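# Secondary and tertiary structure notes
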Amino acid sequence: MASNKVKIGLMGLGNIGLGTYKTLEMNREAILAATGVDFEITKILERDVDRERDIVVPREKFTQDADDLFKDPEIQIVIGLLGIKNEGDFMLRAMENGKHVVTANKAAIAAQYDELREAAIRNNVMLRYEASVGGGIPILTCLTGALQANQYQEVLGILNGTTNYILTQMTDYDLNYEDVLKDAQAKGFAEPDPTADVEGIDVANKLSILISLVFGERVRPDEIPTTGITGVTKEDIVAAAERGCKIKLIASARKNGDKLEYSVKPTEIPFTHPLAGVSNEFNAVYVTGNAVDELMFYGRGAGPLPTGSAVMGDVIEIGKAIVKNAAYDLVVAGGK
Ligand code: HSE
């Protein structure tokens, strides 16, 4: 198979950026052998050059000027992993400069969903965001690909690793909330500001994206009734167990006639339901489609390598399309 080089600009070399970089480094030869595409991250937008990292990243790749990525004619794909609020604006600039964009930033996608998708279409570039929902679980690709023959009736999700980890540890080991939260931060799945995790905001962002893809309706995250886990006590957990249930932070969206109902809230799930068996930082999405019936997707919803796996999956799809010159029919892949 002929080799084709695809150069990538990476915005952000924090936890997820590093996980993405490592995923490519450890599998680059295998990816080349399987796809015929030789991917290389050539420039990295990152201020913290000297942070201790457990792999060597050549210093000459680092820049502090986003235009070094956007204006580089050799870079075809920009990965957005800055994890900042206005990352959508960076992604818009990348697309205006003709770059395909991949991101894991659910807050940015949920906040600027229409604007970003319109920019992709206008610039005839691909925008992919598989890693934004469910980390390593390829849920968006499945919902919009293999399952696209269905009309969906309901989607239920455990979509935040930090809160599921906290609830699991509180339930199984009788630990207290503060200690478990610190542990989740140390393991790299809590957001730097854990408010978004524990207050359910992160889940509302993910549910907003899921609703767009599953039901074709645009519901902004701030329109989703949202309750986090800060009010869940050990007593609540014990009382739920006495009723044969576990408390999980559940994102749900379902059709009730023509009306779409949605929420994010701590919910009692019977021990017998598959979602009750989803523990620690694992995520799951439980979907009901009118042809396929019930399905559950399960996997690591957070963490550098699982998220890096989903990011690189998107990058590889784009790289294969570039090489086949098929970008025109894959604009905004993974979405209605
Ligand atoms: N903070 C998020 C979580 C990261 O704990 O699930 C993945 O979106």
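Structure shown above.
Just so we're clear, the structure is a prediction, and the values are computed from it rather than from any experiment.

The rules behind the values
- Residues numbered from 1 in each chain as written.
- Predicted model: local features only at pLDDT ≥ 70, side-chain atom pairs only at ≥ 80, totals over all residues.
- Heavy atoms only, no water.
- Helix = DSSP H or I, 4+ residues; strand = E, 2+ residues; numbered from the N terminus.
- Rg over C-alpha atoms; globule rule 2.2 N^0.38 Å.
- Buried < 20%, exposed > 50% of the residue type's maximum accessible area, 1.4 Å probe, protein only.
- Contact = heavy atoms within 4.5 Å.
- Areas by Shrake-Rupley, 256 points an atom, 1.4 Å probe, with all protein chains shown as cover.
- Lys, Arg positive; Asp, Glu negative; His and termini not counted.
- Charge placed at Lys NZ, Arg CZ, Asp CG, Glu CD.
- Pairing = 2+ DSSP bridges.
- Axes fitted to C-alpha atoms, helices over the stretch in contact; angles between N-to-C directions.
- Salt bridge = Lys/Arg side-chain N within 4 Å of Asp/Glu carboxyl O.
- Near = heavy atom within 4 Å.
- Polar contact = N/O pair within 3.5 Å; in protein donor to acceptor, adjacent residues only side chain to side chain.
- Nonpolar A, V, L, I, M, F, W, Y, C, P; charged D, E, K, R; others polar.

### Side note on the overall build of the chain
Helix and strand counts for the chain stand at twelve helices and eleven strands. Expected size for 336 residues packed as a compact globule is a radius of gyration near 20 Å; at 20 Å, the chain falls within 12% of this value. The proportion of buried residues among the 336 residues of the chain is 53%. The long-range share in the chain, meaning contacts at least 24 apart out of those at least 6 apart in sequence, stands at 69%. Accessible surface, the chain: about 14700 Å² in total, of which carbon and sulfur atoms supply 49%. For the chain, the separation between the mean place of its 35 positive charges and that of its 48 negative charges on side chains is 3 Å.

### Side note on the sheet that holds strand 9 (residues 259–270)
Taken in spatial order, the five strands of this open sheet run 9-8-7-10-11, and their pairing is antiparallel. For this open sheet the edge positions go to strand 9 and strand 11 (293–300), each flanked by a neighbour on one side alone. Direction aside, the axes of adjacent strands within the sheet are offset by 15 degrees on average. Both strand 7 (residues 152–158) and strand 8 (residues 245–256) contribute to a ladder of four bridges, which runs antiparallel. Among the inter-strand pairings, L156 is bridged to a residue of strand 8, identified as S252. Here helix 7 (residues 161–173) sits on the sheet and contacts strand 7, strand 8 and strand 10 (282–289); the angle it forms with strand 8, its principal contact strand, is near 140 degrees. This element, helix 10 (residues 201–215), spans strand 7, strand 8 and strand 9 of the sheet and lies at about 35 degrees to strand 8.

### A short note on the pattern of salt bridges
A complete count under the given rule lists 23 salt bridges for this structure. In this structure, E40 and K61 form a salt bridge, with 3.6 Å as the shortest nitrogen-oxygen distance. Of this pair, E40 sits in strand 2 (residues 37–45) while K61 sits in the loop between strand 2 and strand 3 (62–63), and the two are 21 residues apart along the sequence. One salt bridge in this structure joins K106 and D202, with 3.3 Å as the shortest N-O distance. One end of the pair, K106, is in helix 4 (residues 106–111); the other, D202, is in helix 10, with 96 residues separating them in the sequence. Taken individually, K106 and D202 each receive the classification buried, so the pair is uniform in this respect. Salt bridges sharing partners connect three or more residues here, namely K5, R28, D38, E40 and K61.

### Re the site of the ligand
Close to the ligand lie K106, N160, G161, T162, F189, E191, D197, D202, K206, G301 and A302. Between an oxygen atom of the ligand and a side-chain N or O atom of K106, the distance comes to 2.7 Å. Contacts to the ligand include T162, whose side-chain N or O atom sits 2.6 Å from an oxygen atom. Considering the ligand on its own, with 260 Å² of exposed area, one finds that the protein chains cover 92% of that surface. Residue assignment for the shell around the ligand shows that the elements contributing at least two residues are helix 7 and helix 10. Within the shell around the ligand, the residues separate by chemical class into two nonpolar, four polar and five charged.

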